[in-house]
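# Survey of secondary and tertiary structure
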Amino acid sequence: MDTAQDPRPLYQLALDQLEKLFSEAGPEKLDRPTPCTEYDLRALLDHVVGGVHRLAYTGEGGLSNDVAAATGGVPDDGWPAALGRARARVTTAWAEDAKLDRPTSVPWGELSGREAVGSYVLETVIHSWDVARALGTDHTLDEALGEAALAIALAMMPAEPRGGAVPFGPVQPVPAGAGAYTRLAAHSGRTV
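Just so you know, these numbers come straight off a predicted model, no measurement behind them.

### Points about the packing of helix α2 (residues 41–59) against helix α3 (residues 79–93)
Remark: α2 packs on α3, axes separated minimally by 8 Å, with the N-to-C direction vectors making an angle of 20°. By the angle class used here, α2 and α3 are roughly parallel. Along this stretch, α2 crosses α3, giving a crossing that reads as left-handed. For the pair formed by α2 and α3, the contact residues are Arg42, Leu45, Asp46, Val49, Val52, His53, Leu55, Ala56, Tyr57 and Gly59 on the first element and Trp79, Ala82, Leu83, Ala86, Arg87, Arg89, Val90 and Ala93 on the second.

In structure tokens form, the structure reads like this:
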């Protein structure tokens, strides 16, 4: 990732996309399986909202491992509102430009603020694909956003090693001509 770039606008676009998907995740769909085999849709939404809060907490000066990446207690019809509250918090927490150059603790190490926000662009975009797959939605994912997240993934997530401290499975094969989200999912170890 180009560290001279400000990743916050891209992160806001990723959250826009995620909000559209959350609006489709009604209570009757929350038990559906997701490409993240350890999560059903309810648990994935919880993980995603918790991740937004975690990034907010680090923007507020906290250490990422001091806060859980799960929210707990969100009612089945409350996911859009929960994401909205997390989004407001993270936007405020990262509003100050100087924070982009500050060392920031994330679960995978200490990065500059801009690298931390960039890594959460990746997190948000790949989980948008996961949510869309679980929903079986017709919602079209933003291909340019997928390309940007794929570039971050290729820069930050080496193909080897995987497993253990690297929470991704082996890179999976993709069909010729696959779009950005398919390539991103496969690079993240998901079966496509």
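That was the structure; now back to the text.
### Thoughts on the packing of aromatic side chains
For any pair of aromatic rings, geometry is given as the distance between the ring centres together with the angle between the planes. One pass over the full model with this rule turns up zero aromatic pairs. Above the plane of the ring of Trp94 lies Arg102, whose end atom (NZ or CZ) is 5.9 Å from the centre.

### Regarding the pairing of strand β1 (residues 103–106)
Sheet topology note: the β1/strand β2 (residues 109–112) ladder contains four bridges and is antiparallel. The residue bridging Val106 from the neighbouring strand is Gly109, located in β2. Linkage of β1 to β2, two consecutive antiparallel strands, is achieved through a turn of two residues.

### Describing α2
End to end, α2 covers 27 Å across 19 residues, agreeing with the expected 27 Å (1.5 Å per residue, within 8%). Within α2, 15 of the 19 residues are buried, which leaves the element mostly enclosed by the surrounding structure. With its phi angle positive at about 105°, Gly61 sits one or two positions after the end of α2.

### Section: the pattern of salt bridges
If you walk through the whole model with that rule in mind, you get ten salt bridges. Arg87 is the salt-bridge partner of Asp16, the closest N and O atoms lying 2.6 Å from each other. You can see Asp16 sitting in helix α1 (residues 8–23) and its partner Arg87 sitting in helix α3, a full 71 residues away along the chain. Arg42 serves as the salt-bridge partner of Asp76, at 3.1 Å between the closest nitrogen and oxygen. Of this pair, Asp76 sits in the loop between α2 and α3 while Arg42 is found in helix α2, placing the two residues 34 residues apart along the sequence. The class for Asp76 is partly exposed, based on a relative accessible area of 33%.

Calculation rules
Residues numbered from 1 in each chain as written. Predicted model: local features only at pLDDT ≥ 70, side-chain atom pairs only at ≥ 80, totals over all residues. Heavy atoms only, no water. Axes fitted to C-alpha atoms, helices over the stretch in contact; angles between N-to-C directions. Helix = DSSP H or I, 4+ residues; strand = E, 2+ residues; numbered from the N terminus. Parallel < 35°, antiparallel > 145°, perpendicular 65-115°, else oblique. Left-handed = near helix turned anticlockwise from the far one by under 90°. Contact = heavy atoms within 4.5 Å. Phe/Tyr/Trp six-rings, centres within 6.5 Å; stacked < 30°, edge-to-face > 60°. Lys NZ or Arg CZ within 6 Å of the ring centre and 35° of its normal. Pairing = 2+ DSSP bridges. Expected span 1.5 Å × (residues − 1). Buried < 20%, exposed > 50% of the residue type's maximum accessible area, 1.4 Å probe, protein only. Salt bridge = Lys/Arg side-chain N within 4 Å of Asp/Glu carboxyl O.

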